[in-house]
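The lines below spell out each chain.
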Amino acid sequence: MDDDIPLPGHRADIRRQGARGLSEGGPVLGPTGVLAGLALGQVRLAGRHGDVRVEPLRGPAEPPLLRPLLRAGAIQDGGAPVRVRGLVRQEGHRRDRQEGRVQLGPRLGADPEGHHRQGQRLHPDGRGGGPLDIRAGMGGERMILTILALAPILVGLVLMALPHLLPEASASQVRKVSRNICMGVALALLAISTWAAATSLSDVDWMSIDFGQYELENTPFEIIPQIGVSWHVGADALSLPMVWLTALVVPLSMLVEWDAKKGHYFHPLLLVMEGAMIGVFVSLDLFVFYVFWELTLIPMFFLILVWGGEDRRYAAMKFFIYTFTASVLMLIGILVMYFNTGATLSDRSFDMSAMLDSGAQMSEGLRHLVWFLLLVGFATKMPSVPVHTWLPDAHVQAPTAGSMILAGVMLKMGAYGFLRVAVTAFPASTVVFVPLLVFMGMASLAYGAWVCMGQTNLKRMVAYSSVSHMGLIFLGIATMQPLGIAGALFMMFAHGIISPLLFAVAGAFKHHYHTLEIGSMRG
C-alpha cells in the first residue's frame, strides 16, 4: 500500500521498495542539516521502514510549518543511509475525510488486523516492537500515568476530610501523620516517574518518540460519551520531563515547609496540586486538560490566602482573577475547536488528535481568532508582558513552598500548553503572528531583567527574573525552527530546577532575618 505523507511545501513518496539511502559518494547530511533543509523546503524524504533518501526539491516551496516538520521524525546520523524513526504520527483519531490531511490505514510496522493502539512500534530498521511493546498488552504500564495524576489528588482529599469524619482521638492521630503520608506519596510518585524517565519501563526509548506519538498510553475510557469526553492519558518527550520535574519539586517544597502551621491541610494541598499539574501534562483529552488546568488554581489560591504574608488576600485574589479570566478565554477557544471536530454531536470529540485537526474545518480568520484566545490563556499563565503583574505579588506573599511550585511548574504549564495546543493545532497562524511572539518575548526578556535589577525585595527580584526567563522561552518558540523549540524546552526544564531553589534560598533568608529586604541582610 502506498501512502503519501505531507511535508512542508511538498510530498514525500513512501514506496513499497524503500530507498536504501543516499547515492554512493554523495554527501551525508547530519540531523541538523536534514532538519534545516526540511524547514527551508529545500529537501524531501523518500523511503519506507526507516530507510530514507534525502532528495533536493526544485521550484518554490511554501513557508515552513512546525507541525509537519516535527512529524517528519527524529532524524539521526549514523552514516549512510540517513534513517528516520517513525515517519508518521499515530493516526488513531484522525478524520480521513478531511481534505489535505494524511490518509493512512494501519500504522507502519503494525498488524493490519489489530487495533490501532495495539500495533507494534516501528523501529529504525523496520522491525516491530515485539512483545515488550507497551501498547500491545494490558499490563500495569497503562495505569502508571493514571496513578500519577489521580492518586495524589485522592490521597490529599482523603487526608483533609478524615479529621472531620473521625472521632477526635483518631482525628488527632491523622493530623500528626498527615505530612508523613504526603511525603511518602510524593516520594513514591518521584520514584515512579524517574523509573519511566530512565527507560526502565520495558524498552521504551524516549528519544525515538515522534511528535504526536505517546508512550504509557492508556485505552481511552469514556467519561461523558454524550459529548465525547474520555479519560485518555499519554506521555511523550515533551510532557515526560515536565511530569518528572513536578514529581521532583513537590517533595522538595514539602521538605522546605515541613513545620508549616496547619500542616494537616498544607501538605495535602500540595499533594492535590501535584496531581492536578501532572494531569495537565499527561491529558490527551482537552476537556480533562482544562479541568486539571483549573484545578491547579484552587490549592494555590488557598496556599496564598491562608499561609501567605501580610497582603495575602490582595495577592490571592489578583492571582485568581488574572489566571481564571485568561482560562475562560482559553475555554472559548477550546469550545470553538470542539464544535469544528464534527458536523453532529455524535461526531464531535475532545480527544487531542481530533481537536488538533479541527483547524482544517475553520476559515482563516476563525483560526487566527482561536489561536489568539489560546495565546492569551497560555501567555497569562507563563506569564508574559503585559499580563504578568499578578506574578510578583503572588510570589512575594506566597509561602516558600507555594513560590517553589509556582515558579518551578505552574509557569511551565503556559509554555507547555501553548506548544501542545496552539502551535500544534494552528501552525500557519503561529507563522503569521511570529512578530507578535517576538515582541512579547523581547518585551518580557528586557523589561523583566530591567525591573529585576531595581528590586530591593529578594522574592520580587527572583519573580521578575522569572518573567525575563519566560521571555526567552517565547523567543525560542517564535523561531519556529527545531533548534529554537529545543532551546525553549531546555529553558523550561532548566528554569524549573533553578527557580525553586532560588525561592528556597529566599525562604531560608526570610526565616533567619525575618525580612526579604536585601538591604537589611548585610552584616
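Placed above this text is the structure.
Let me begin by describing the structure that accompanies this report. Since we're looking at a predicted model, the values are computed, not measured. (Residues numbered from 1 in each chain as written. Predicted model: local features only at pLDDT ≥ 70, side-chain atom pairs only at ≥ 80, totals over all residues. Heavy atoms only, no water.)

Turning our eyes to something else, we now look at the overall build of the protein chain. Along its length, the protein chain carries 17 helices and eight strands. Residue burial in the protein chain is summarised as follows: out of 523 residues, 56% are buried. Counted over contacts in the protein chain with a minimum sequence separation of 6, partners at least 24 positions apart contribute 72%. Surface accessibility of the protein chain: about 21,600 Å² in total, with carbon and sulfur atoms responsible for 64%. (Helix = DSSP H or I, 4+ residues; strand = E, 2+ residues; numbered from the N terminus. Buried < 20%, exposed > 50% of the residue type's maximum accessible area, 1.4 Å probe, protein only. Contact = heavy atoms within 4.5 Å. Areas by Shrake-Rupley, 256 points an atom, 1.4 Å probe, with all protein chains shown as cover.)

So, on to the environment of Asn218. In this structure, Asn218 sits in the loop between α4 (168-197) and β7 (221-224). Those residues in contact with Asn218, other than ones at most four positions away along the chain, are Arg142, Trp231, His232 and Val233. In terms of polar contacts, Asn218 uses its side chain to reach the backbone carbonyl oxygen of Trp231, at 3.0 Å. At a separation of 2.9 Å, a polar atom in the side chain of Asn218 contacts the main-chain amide nitrogen of Val233. (Polar contact = N/O pair within 3.5 Å; in protein donor to acceptor, adjacent residues only side chain to side chain.)

A few words now on the nonpolar core. In summary, soluble globular proteins display a tendency toward joint burial of nonpolar side chains. Within the largest apolar cluster, 106 residues are counted, with the highest numbers of intra-cluster contacts made by Phe319, Met337, Leu374, Met410, Phe418 and Ile473. Counting residues per element, this core draws most heavily on helix α13 (residues 400-425), which supplies 15 residues. In contact with Phe319, other than residues within four places in its own chain, are Leu297, Met300, Phe301, Ile304, Trp390, Ala394, Leu406 and Met410. Counting five residues, the second-largest nonpolar core is a separate cluster that includes Met404, Ala407, Phe503 and Ala504. (Core = buried A, V, L, I, M, F, W, Y, C linked by side-chain atoms within 4.5 Å.)

To continue, consider the packing of helix α12 (residues 390-397) against α13. With their axes 8 Å apart at the nearest point, α12 and α13 run at an angle of 140 degrees to one another. Of α13, the residues touching α12 (which contributes Trp390, Leu391, Ala394 and His395) are Ser403, Leu406, Ala407 and Leu411. A per-class count over the contact of α12 with α13 returns six nonpolar, two polar and no charged. (Axes fitted to C-alpha atoms, helices over the stretch in contact; angles between N-to-C directions. Nonpolar A, V, L, I, M, F, W, Y, C, P; charged D, E, K, R; others polar.)

On the surface, a nonpolar cluster with roughly 280 Å² of combined accessible area is contributed by Phe324, Val328, Leu329 and Ile332. Here Leu329 lies in helix α9 (residues 312-339). For Leu329, a relative accessible area of 30% translates into the label partly exposed. (Patch = residues over 30% accessible without salt bridge, like charges linked within 9 Å, V, L, I, M, F, W, Y side chains within 5 Å. Salt bridge = Lys/Arg side-chain N within 4 Å of Asp/Glu carboxyl O.)

Further remarks concern the pairing of β7. Pairing of β7 with strand β8 (residues 229-231) involves three bridges; the strand directions are antiparallel. The partner of Ile224 across the bridge, within β8, is Val229. Adjacent in sequence and paired antiparallel, β7 and β8 are bridged by four residues, among which Gly228 carries a positive phi angle near 80 degrees. (Pairing = 2+ DSSP bridges.)

Right, let's talk about α9 for a bit. Counted at 1.5 Å a residue, the expected span for α9 with its 28 residues is 40 Å, and the 40 Å between its end C-alpha atoms agrees. For α9, every residue scored as buried is listed here: Ala315, Ala316, Lys318, Phe319, Thr323, Ala326, Ser327, Met330, Gly333, Ile334, Met337 and Tyr338. Looking at the packing, one finds that the buried side of α9 touches α7 (286-295), α8 (297-307), α10 (352-356), α11 (364-381), α12 and α13. (Expected span 1.5 Å × (residues − 1).)

Enumeration according to the criterion identifies five salt bridges in this entry. For the salt bridge of Glu168 with Arg175, the shortest nitrogen-to-oxygen distance reads 3.6 Å. When the shortest N-O distance is used, the salt bridge between Arg460 and Asp393 registers 3.4 Å. Of this pair, Arg460 sits in helix α16 (residues 458-478) while Asp393 sits in helix α12, and the two are 67 residues apart along the sequence. Overall, the relative accessible area of 22% leaves Arg460 in the partly exposed class.

Between Met382 and Pro383 the backbone carries a cis peptide bond, its omega angle lying at -10 degrees. Looking at the element boundaries, Pro383 is found in the loop between α11 and α12. Following Val385, the chain continues into Pro386 via a peptide bond in cis, with omega recorded as 10 degrees. Within the fold, Pro386 resides in the loop between α11 and α12. One non-glycine residue, Lys262, adopts positive backbone phi at about 50 degrees. With respect to the element layout, Lys262 can be found in the loop between α5 (240-256) and α6 (263-282). One non-glycine residue with positive phi stands out, namely His514, at about 60 degrees. By the secondary structure assignment, His514 is in the segment after α17 (482-513). Among the residues examined, His514 registers a relative accessible area of 65% and is labelled exposed.

Evaluation of the coordinates by the stated rule reveals 17 aromatic pairs. Relative to Trp293, the ring of Phe289 has its centre 5.7 Å away and its plane inclined at 35 degrees; by these criteria the two rings are tilted. Linking Phe289 with Trp293, this pair stays in helix α7, spanning four residues, or about one helical turn. Residues Phe289 and Trp293 agree in their burial class; the two are buried. Relative to Phe418, the ring of Trp371 has its centre 6.0 Å away and its plane inclined at 65 degrees; by these criteria the two rings are edge-to-face. Of the two residues, Trp371 sits in helix α11 while Phe418 sits in helix α13, which places them 47 residues apart along the sequence. (Phe/Tyr/Trp six-rings, centres within 6.5 Å; stacked < 30°, edge-to-face > 60°.)

As a further point, take α11. Between the first and last C-alpha of α11 there are 26 Å, a value that for 18 residues agrees with the 26 Å anticipated at 1.5 Å per step. For α11, every residue scored as buried is listed here: His368, Val370, Trp371, Leu373, Leu374, Leu375, Gly377, Phe378, Ala379, Thr380 and Lys381.

Turning our eyes to something else, we now look at the side chain of Thr380. If you trace the backbone, Thr380 turns up in helix α11. Owing to a relative accessible area of 3%, Thr380 belongs among the buried residues under this scheme. One polar contact links the side chain of Thr380 to the main-chain carbonyl oxygen of Val376, over a distance of 2.7 Å. Excluding its chain neighbours within four sequence positions, the residues that come into contact with Thr380 are Tyr322, Ala326, Val387 and Trp390.

Moving on to the packing of α13 against α17. Following both chains from N to C, one finds α13 and α17 inclined at 170 degrees, their axes separated by 7 Å at the closest point. Taken together, α13 and α17 sit at an angle that is classed as roughly antiparallel. Note that α13 runs across α17; the crossing there is right-handed. Facing Thr400, Ser403, Met404, Ala407, Gly408, Lys412, Ala415, Tyr416 and Leu419 of α13, the residues of α17 in contact are Ile485, Leu489, Met492, His495, Gly496, Ser499, Pro500, Phe503, Ala504 and Gly507. In the contact of α13 with α17, the residues fall into 11 nonpolar, seven polar and one charged. (Parallel < 35°, antiparallel > 145°, perpendicular 65-115°, else oblique. Left-handed = near helix turned anticlockwise from the far one by under 90°.)

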